[in-house]
Amino acid sequence: MATAYRPYEPGTEPRGHLVPAALRAPFQARVWREFLYLVISLPMAVLTFVYTITMLALGAGLLITFLGVPVLGAALAGCRALGVVERARARALLRLEVAEPEPVLGRKGGRGGKRGPVAWVGALLRSGTSWRHVIYALIHLPWALFSFTFAIAFTSYGWGFATYPLWRWVFPRYMDEPGLQIFGDDHGRAFYLDTPFEIAATCVVGVLVLLLTPWVMRALTSVDRIMVAGLLGPSRLASRVWELESDRGTVVDTAAADLRRIERDLHDGAQARLVALAMDLGLAKEKLDEDPEAAAKMVDEAHGEVKLALQELRDLARGIHPAILTDRGLGPALSALSARCTVPVTVSVDLPQRPAPAIEGIAYFTVSELLQNISKHSGARTAEVDVWRTEDRVLLQITDDGRGGAGTSAGSGLAGLAERIDAVDGILVVNSPPGGPTTVTAELPWR
């Protein structure tokens, strides 16, 4: 469940305003958006409540016939449709981003495994999300009535009292009264707000109510935010499933890219050299009797090709999973990796024991890719690699004194690295201001 709502925090307003934030709050657009949301909530809640109660009662009453189940399905489908309207209203007026809930998926059935209306209605009735929409429809009405009353009362009384000196003249001119009547009885006793002190006190009370109104609005709409996000959004389980499906797609894409890279390296590198080596040895064999010196020269060249092919195969194997990482662990592997970097690198590894092999491999290749970026793009003179464990997480921090400006924007190498780390519930944070230094911190699970 993803929301983009950021709660209000006093003191976070932009500096430079001559008027304090508390005095500006009643005039801000946010207050009026929240007021409009609370006012519209009552008719929407009445509509949703009446629809839900009517359809559920009708469906329950018709359960003795074959029409009951379809009517209940229509009731749940309608509640989900009204939930779409409620999420859109919260998005527009409360700036609350709530992800769409999981769709209704019927079980496969019928000829050819097609999904039909019966399966779809059954899925609606089994869906916890559908029933959460029903709960929202039932509990939203009393809360909407409560919040509507408070919003109207605070807004009307606040602005009415604050502007009382501007419209008090209406009473003596048109109503034959000295001012706004506070109370009166049958014995002719009454109290009017008509003296200068009483008018000023009324205005002060109105201003105080106005200053309090934004906080009342935010408190009321905070409950609405919780209700919309908790009942009309996807469940935690569904959100986790979607996250895992996305991570699985990232892992599959990464594995496919690695396989293509290995295939390309084998085809363009070692395989081409071995083909050339076979041809050279074939020619040397033919010339062995006719021209032994030329044959010996060709065998010598073939020997050099064998060495190059072996080196390329070693590099390729190191790119898949280096032997030193398997045999000796992350510390020695990162030290060997830093020795091949064109920039002097200081490595510090403080791990009480070895993490899971998969996490160890991800940590190694994360550092490898970051050191390659430092060599190619940073212009740095020195770099540092620190690895340590905190609770059940492995932290990697790579720092360089280069030109900075690195980021995880779409299409960059760091963006792809961040996706691969996120696929194992890790986090990648890049701090690289223009001019440097650059610090990249990666957090990985221990197991």
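Residues numbered from 1 in each chain as written. Predicted model: local features only at pLDDT ≥ 70, side-chain atom pairs only at ≥ 80, totals over all residues. Heavy atoms only, no water.

### So, the overall build of the protein chain
In terms of regular secondary structure, the protein chain is built from 14 helices and seven strands. When burial is assessed residue by residue, the protein chain has 35% of its 447 residues classed as buried. Partitioning the intrachain contacts of the protein chain with sequence separation of at least 6 by distance along the chain shows that 69% fall at a separation of at least 24. Only carbon and sulfur atoms are counted for the fraction: they give 63% of the accessible area of the protein chain, which is about 25,800 Å². (Helix = DSSP H or I, 4+ residues; strand = E, 2+ residues; numbered from the N terminus. Buried < 20%, exposed > 50% of the residue type's maximum accessible area, 1.4 Å probe, protein only. Contact = heavy atoms within 4.5 Å. Areas by Shrake-Rupley, 256 points an atom, 1.4 Å probe, with all protein chains shown as cover.)

### Description of the environment of Pro172
Of note, Pro172 is situated in helix H7 (residues 170–175). Overall, the relative accessible area of 42% leaves Pro172 in the partly exposed class. Placed 22 residues apart in sequence, Pro172 and Asp194 show a C-alpha to C-alpha distance of 9.8 Å. Apart from the residues lying within four places of it in its own chain, the contact partners of Pro172 are Glu177 and Pro178.

### Side note on the side chain of Glu34
Relative to the elements of secondary structure, Glu34 occurs in helix H2 (residues 29–61). Within the structure, the side chain of Glu34 is placed 3.4 Å from the side chain of Arg225, a separation counted as a polar contact. (Polar contact = N/O pair within 3.5 Å; in protein donor to acceptor, adjacent residues only side chain to side chain.)

### Quick notes on the sheet that holds strand E4 (residues 383–390)
Note on sheets: strands pair through backbone hydrogen bonds, and any given pair is parallel or antiparallel. Read across the open sheet, the five strands follow the order E3-E4-E5-E7-E6; overall the sheet is mixed. What marks the edges here is a single partner per strand, and that holds for strand E3 (345–350) and strand E6 (427–431). Mean inter-strand twist for the sheet, computed between neighbouring axes without regard to direction, equals 10°. Here E4 pairs with strand E5 (residues 393–400) via eight bridges, running antiparallel. Directly across from Arg389, in E5, lies its bridge partner Val394. Contacting E3 and E4, helix H12 (residues 330–339) runs over the sheet at an angle of about 175° to E3. Helix H13 (residues 357–378) rests against E3, E4, E5 and strand E7 (438–445) of the sheet, and its axis sits at about 10° to E5. (Pairing = 2+ DSSP bridges. Axes fitted to C-alpha atoms, helices over the stretch in contact; angles between N-to-C directions.)

### Description of the pairing of E3
On any regular strand, side chains alternate: one points to one face of the sheet, the next to the other face. Summarising the sheet, E3 and E4 pair through six bridges and their orientation is parallel. When the bridges of E4 are listed, Val349 appears paired with Val387. Once the chain exits E3 it traverses H13 before rejoining the sheet at E4, and the crossover so formed is left-handed. (Right-handed = clockwise from strand over helix to strand, strands pointing away.)

### Observations concerning the packing of H2 against helix H3 (residues 68–93)
Axis separation between H2 and H3 bottoms out at 9 Å; the angle between their running directions is 175°. As the angle between them shows, H2 and H3 are arranged roughly antiparallel. When the residues that make up the contact of H2 with H3 are grouped by side-chain class, the tally is 19 nonpolar, six polar and four charged. (Parallel < 35°, antiparallel > 145°, perpendicular 65-115°, else oblique. Nonpolar A, V, L, I, M, F, W, Y, C, P; charged D, E, K, R; others polar.)

### With respect to the pattern of salt bridges
A complete count under the given rule lists eight salt bridges for this structure. With a closest N to O distance of 2.9 Å, Glu86 and Arg89 form a salt bridge. In this pair, Glu86 and Arg89 both sit in helix H3, three residues apart, roughly one turn of the helix. In this structure Glu86 comes out as buried when scored by relative accessible area, which is 2%. The network of salt bridges with shared partners includes Arg30, Glu34 and Arg225. (Salt bridge = Lys/Arg side-chain N within 4 Å of Asp/Glu carboxyl O.)

### Some details on H3
Across its 26 residues, H3 extends 37 Å between first and last C-alpha, which sits within 8% of the 38 Å expected from 1.5 Å per residue. Count one or two residues on from H3 and you reach Arg95, which has phi positive near 55°. (Expected span 1.5 Å × (residues − 1).)

### Focus on the packing of aromatic side chains
To describe a pair of aromatic rings, one takes the distance between the centres and the angle between the planes. Counted according to the given criterion, the structure contains nine aromatic pairs. Between Phe150 and Phe154, the aromatic rings sit 6.0 Å apart at their centres with planes inclined by 20°, giving stacked as the arrangement. Residue Phe150 and its partner Phe154 are located together in helix H5 (residues 128–162), separated by four residues, close to a single helical turn. According to the relative accessible area criterion, Phe150 is partly exposed, its value standing at 33%. By the ring-pair criterion, three or more aromatic residues cluster together here, those being Phe27, Trp32, Phe35 and Trp159. The side chain of Arg89 reaches across the aromatic face of Tyr37, ending 4.1 Å from its centre. Note that Arg218 overlies the ring of Trp215, its terminal NZ or CZ placed 5.5 Å from the centroid. (Phe/Tyr/Trp six-rings, centres within 6.5 Å; stacked < 30°, edge-to-face > 60°. Lys NZ or Arg CZ within 6 Å of the ring centre and 35° of its normal.)

### Here's the deal with the packing of H2 against H5
Taken N-terminus to C-terminus, the directions of H2 and H5 make an angle of 145°; their axes are 7 Å apart at the nearest point. Regarding H2 and H5, the two cross each other, and that crossing is left-handed. For the contact of H2 with H5, a count of residues per class yields 23 nonpolar, six polar and no charged. (Left-handed = near helix turned anticlockwise from the far one by under 90°.)

### Concerning the confidence of the model for the protein chain
Residue-level pLDDT values for the protein chain average 77, and 75% of them are 70 or greater. Per-residue pLDDT, averaged within each element of the protein chain, yields its smallest value for helix H9 (residues 236–290) (63) and its largest for H2 (92). Under a pLDDT of 50 for its full length, residues 106–114 has, in the predicted model, nine contacts with residues more than four places off or in other chains. (pLDDT = per-residue confidence, 0-100.)

### Details of a nonpolar patch on the surface
On the surface, Ile53, Ile135, Leu138 and Ile139 cluster together into a nonpolar patch covering about 300 Å² of accessible area. The biggest single contributor to the nonpolar patch is H5, with three residues. Structurally, Ile53 can be placed in helix H2. (Patch = residues over 30% accessible without salt bridge, like charges linked within 9 Å, V, L, I, M, F, W, Y side chains within 5 Å.)

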